[in-house]
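# Overview (structure and organization)
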Amino acid sequence: MIIVVSFSMTGMAAPVTYVDLALGLGIHVLEDSDQGAASKLIKTGIGVQWFPFISTQIGVWSWASEDQAKRESEEDSETDNVGMFDGISGSWEVALQWPIDNDSGALSAGPYIRYGQHCWSAVLVGLVQPWSKRGCSNLNTLGFSFPSREGDDAGLYIEFTQTDFDDLISSSLQLGAKLAF
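A brief structural summary. Nothing here was measured: the structure is a model prediction, and the numbers come from that model. (Residues numbered from 1 in each chain as written. Predicted model: local features only at pLDDT ≥ 70, side-chain atom pairs only at ≥ 80, totals over all residues. Heavy atoms only, no water.)

## What to know about the overall build of the protein chain
- Within the protein chain one finds 2 helices and 8 strands.
- Counting helices and strands in the order they occur from the N terminus, the protein chain gives α-β-β-β-α-β-β-β-β-β.
- Here the protein chain, with 181 residues, has 37% of them falling under the buried criterion.
- Restricting the contact set of the protein chain to residue pairs at least 6 apart, pairs at least 24 apart contribute 60%. (Helix = DSSP H or I, 4+ residues; strand = E, 2+ residues; numbered from the N terminus. Buried < 20%, exposed > 50% of the residue type's maximum accessible area, 1.4 Å probe, protein only. Contact = heavy atoms within 4.5 Å.)

Okay, here's the thing in structure tokens:
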């Protein structure tokens, strides 16, 4: 009985709220085609780590192929444009983590999987037939959070995310940071 109580006491931790910021690269390809585009990704979110092994968060994702000034200069030239992808979405996600020893930091470290959904609006231009849609779809992520130094309320991570924008398959690699508050 004492062992069970001791185990449940160590497994219980106060919830930790955090801000999530990430930068990445996305690759977007139309199904049954080799047409697509690459884009920069910016992800921001806020979440709660309920226990060392489970957290939830909401976020905003933004994809952009190039800045507007570069696009305008390419439109004026005679060269062929490659596909350009722009999109924005709002998401909710749940992460399950296999925590590794990180007694020094407030946030868990170790490998994780995250599942969620996002509602989005996106456009792919620069192709023979432009693609533009909006909808909701699943987000599937594999990642690893690195242990933090003693006393840090921040952590770094790397992750790979896959989603489908209806008939457009999207994969991205992000490097990010979480800051507990």
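## Focus on the side chain of Ser145
- Position of Ser145 relative to the elements: it lies in strand β6 (residues 131-145).
- Owing to a relative accessible area of 6%, Ser145 belongs among the buried residues under this scheme.
- If sequence neighbours within four positions are ignored, Ser145 has contacts with Gln97, Ser108, Ala109, Gly110, Tyr112, Leu156 and Tyr157.

## Structural notes on the side chain of Lys43
- In this fold, Lys43 is placed in strand β2 (residues 36-51).
- Among the residues examined, Lys43 registers a relative accessible area of 1% and is labelled buried.
- Side chain to side chain, Lys43 and Glu159 meet in a polar contact 2.6 Å long.
- Excluding anything up to four places from it in sequence, Lys43 contacts Asp20, Leu21, Ala22, Gln57, Val60, Trp61, Arg114, Tyr157, Glu159 and Gln174. (Polar contact = N/O pair within 3.5 Å; in protein donor to acceptor, adjacent residues only side chain to side chain.)

## Topic: the sheet that holds strand β4 (residues 84-97)
- Taking strand neighbours around the barrel as the criterion, the 8 strands line up as β1-β2-β3-β4-β5-β6-β7-β8 in a closed arrangement whose pairing is antiparallel. Between one strand axis and the next, the sheet turns through 20 degrees on average, direction left out of account.
- Here β6 pairs with strand β7 (residues 154-165) via 7 bridges, running antiparallel. Bridging from a neighbouring strand, Leu142 pairs with Phe160 of β7. (Pairing = 2+ DSSP bridges. Axes fitted to C-alpha atoms, helices over the stretch in contact; angles between N-to-C directions.)

## A closer look at the nonpolar core
- Counting 14 residues, the largest nonpolar core has Phe85, Leu124, Trp131, Phe165 and Leu168 as its most contacted members.
- A total of 3 residues in this core trace back to one element, the largest contributor, which is strand β5 (residues 110-125).
- Sequence-distant contacts of Trp131, defined by excluding residues within four places in its chain, comprise Leu30, Phe85, Trp120, Ala122, Val123, Leu124, Phe165, Asp167 and Leu168. (Core = buried A, V, L, I, M, F, W, Y, C linked by side-chain atoms within 4.5 Å.)

## Observations regarding the pattern of salt bridges
- Evaluated as defined, the whole model comprises 5 salt bridges.
- Linking Glu159 and Arg114 is a salt bridge whose minimum nitrogen-to-oxygen distance equals 2.8 Å. One end of the pair, Glu159, is in strand β7; the other, Arg114, is in strand β5, with 45 residues separating them in the sequence.
- We classify Arg114 as buried; its relative accessible area is 3%.
- Sharing partners across several salt bridges, the network here consists of Asp20, Lys43, Glu93, Arg114 and Glu159. (Salt bridge = Lys/Arg side-chain N within 4 Å of Asp/Glu carboxyl O.)

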